[in-house]
Amino acid sequence: MIRFLLIVCFSLTFLSVNAQIQVDNKSAKANRYFHSRDYKNAAPLFKELYYSSGITSYFDNFVISLIMNSQYDEAEKELKKILKTQPRLIQYHVLTGYLYQQKGDQEKADSRYKVALRKLPPRRLEFNSLLNAFIRYGLYSWAKKCITRAEELMPEDQFYYERSRIYRLQRNYEKMMDELLSWLYIDEKRISSVRNYINAVFYQDDKQETKDLLRQIISKRVQAKPTYVPFQRLMTWYNTETSKLNLALSQAVALDQKTEVDDMLTLTVARAARKMNNKEVTLRAYKYLINKGSKSPVYMMANIEKLKFEFDILSQKSTSDSTALNNLVQSYDKTIKELGINRTTYELILNQAHLLTFFQKKPTKAVAILEEAQTTKGLPTSVRSQIKLKLADVCLFNNDPWQAILYYSQVIDRQKNSPIADEAKWKKARLGFFTGDFEWAKAQLDAIKGSTSKFTSNDAIDLSLLIASNTNLDTTRLPMQIFARAEFLIYTNQLNKALTTLDSIQSSYPYHSLTDECHYRKAEIYTMQEQFEKAQESLQFIIDNYPDDLLADNAIFMQAELYERLNNTSKAGELYKEILLKYPGSLLATDARKRYRQLTQNKTR
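Note that the structure is predicted; figures quoted are calculated from it, not measured.

**Q** Can you walk me through helix H13 (residues 229-241) in this structure?
**A** Because the α-helix completes a turn every 3.6 residues, residues three or four places apart line up on one side. The terminal C-alpha atoms of H13, which comprises 13 residues, lie 18 Å apart, in line with the 18 Å expected from a rise of 1.5 Å per residue. Considered for burial, the residues of H13 that qualify are Val229, Pro230, Phe231, Gln232, Arg233, Leu234, Met235, Thr236, Trp237, Tyr238, Asn239 and Thr240. Residues of H13 that are buried sit in contact with helix H10 (173-186), helix H11 (191-204), helix H12 (208-224), helix H14 (245-259) and helix H15 (263-275). Immediately beyond the C-terminal end of H13, within one or two residues, lies serine 243, with a positive phi of roughly 65°.

See below:
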């Protein structure tokens, strides 16, 4: 009996799931027709979906499809039916009026719109449905009348947001901002909503004149109400969003000194400046917060983020001023001792170990710090695995590949099917490449091509292709072995030796398939050494001589990044656009599109 019931339950579940899949497929098909304006094919599908489910959104699209297909009589019949059976759905009086308007009978249409307003009850739910109906059909003047009627029925409610919404759709930004700022003036908790709304305007209309207008309006309110703090916070946020970072920081600091509670606003400016790679503003903001001491609620975050920022700057270079490097290492040591090691601060340990190993050439000290961190109580397994991963990196630097393999393997075993495990697999495979075991390395790389981590997957694909392209053509593997040696020298930050090694391949094997790879690695080294002109020359060699090879899009992308570093955003934008046009299938296309869009937006700010 139990077995019979289980079979019945399973069968019913299967049938239910299958039926839902069919509905979803039909809905998707109907929406495709609707959005491509094929209303003739959309209408019968939406009709079937509505009458089988009762979902009103299907009904809306069904009737609109009929109207757009000039099937006015059938549309009117359906509307009369739903208004008779569900009279509370007063938004369908608006759709009926829209039907008459499409037929050319404006008088009858206006009559229906008036009926809708007359039937509006003093409830938000019906008001929102009715307002959305007026807005959906572009009836903005009637939407304003709807708000006026709601204000009469619900005098205790506020309708600033709804009115600003209509002004935004009409691109009347001055009146839109008046409504938003009036809303903020009576309720300071609405500041996040106002910010989000302004961001939506940026997305809709990214012109500089629009941004200037919004700034003027906010500034006038600040001047009119100089003691009202939310307006000052909004002005600071706005200047941050529009990349006026020096001004934003001055305002944030002044406001925090006045209120003593605006630490987060200053941190927001620091993060925006960090994202824009504005070193001066970033460090000033973090230092201000750190100088406030532990009483600041963002003291820990400011310390951590400042050190990470300084680490990022330094790690992009091959060498650095020894005094600055020592100061940074000491800052890490001091901060770690003050804040302790936990799931929030553990990355500081990883960065400190990296500095000690790859810049100060003190791997033994790095190992001691990492091993001590491993013994910290209360750390989650994922954090311990990250520390062990860095230990493996240090061992590899210290020419102890067997210990490195052991640590990588332990991370893989403990963190199965996780991004950390995938990273460990990638590093283990790369170690095999460094030591010249190309077949084994490629087999490992091919196994992680589908990694959940985008960067790990892309790196695995790139190295696998490199091995495949350069180990099957020659009777000798010596050029590839030399190249792997150069890669290891780059890894250990011995960049001048790496350059010499790469040059030896080009001089001894001038027509080898590794030529473009050698130039690309040299460009990376020159960039770290801040020899940007030489880097551009190496990249241009690839673009000119290997336009159809795998590295061509990478070379253009790297050129664009270099121009960004040199503040030539116009040229950088051109190169990102070139990737989209010439290499639309590139793995870098998404990032190129994002960077191009960001540069274009920043240009108008």
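Moving on from the coordinates now.
**Q** Mind showing me how you'd approach the packing of H15 against helix H17 (residues 299-315) here?
**A** Think of two packed helices as two axes; the pair is described by the angle between the axes and how far apart they sit. Look at H15 against H17: their axes get within 12 Å of each other, and the N-to-C directions meet at 15°. By the angle class used here, H15 and H17 are roughly parallel. When the axes of H15 and H17 are compared, the crossing they make is left-handed. Of the residues in H17, those in contact with Leu267, Arg271 and Arg274 of H15 are Met301, Glu305, Lys308, Phe309 and Asp312. Classifying every residue of the contact of H15 with H17 by side-chain character gives three nonpolar, no polar and five charged.

**Q** Please explain the nonpolar core as it appears in this structure.
**A** With 113 residues, the main nonpolar core has Leu355, Leu370, Leu396, Phe433, Ile467 and Phe483 as its most contacted residues. Excluding residues within four positions of it along the chain, phenylalanine 433 makes contact with Phe438, Ala441, Leu463, Leu466, Ile467, Met480, Phe483, Ala484 and Glu487. Residues Ile67, Leu83, Ala109 and Ala116 belong to the second largest nonpolar core, which totals 49 residues.

**Q** What is the right way to look at H14 in this model?
**A** If you check H14, its first and last C-alpha atoms are 21 Å apart, about what 15 residues at 1.5 Å a residue would give, namely 21 Å. Those residues of H14 not exposed but buried are Leu245, Ala248, Leu249, Ala252, Val253, Leu255 and Asp256. Buried residues of H14 fall within an arc of 165° about the axis and therefore sit on the same side. Buried residues along H14 sit in contact with H13, H15 and helix H16 (279-291). Note on H14: the residue one or two positions beyond its end, glutamate 260, has a positive phi of about 65°.

Conventions used here
- Residues numbered from 1 in each chain as written.
- Predicted model: local features only at pLDDT ≥ 70, side-chain atom pairs only at ≥ 80, totals over all residues.
- Heavy atoms only, no water.
- Helix = DSSP H or I, 4+ residues; strand = E, 2+ residues; numbered from the N terminus.
- Expected span 1.5 Å × (residues − 1).
- Buried < 20%, exposed > 50% of the residue type's maximum accessible area, 1.4 Å probe, protein only.
- Contact = heavy atoms within 4.5 Å.
- Axes fitted to C-alpha atoms, helices over the stretch in contact; angles between N-to-C directions.
- Parallel < 35°, antiparallel > 145°, perpendicular 65-115°, else oblique.
- Left-handed = near helix turned anticlockwise from the far one by under 90°.
- Nonpolar A, V, L, I, M, F, W, Y, C, P; charged D, E, K, R; others polar.
- Core = buried A, V, L, I, M, F, W, Y, C linked by side-chain atoms within 4.5 Å.
- Arc of directions from axis to C-beta.

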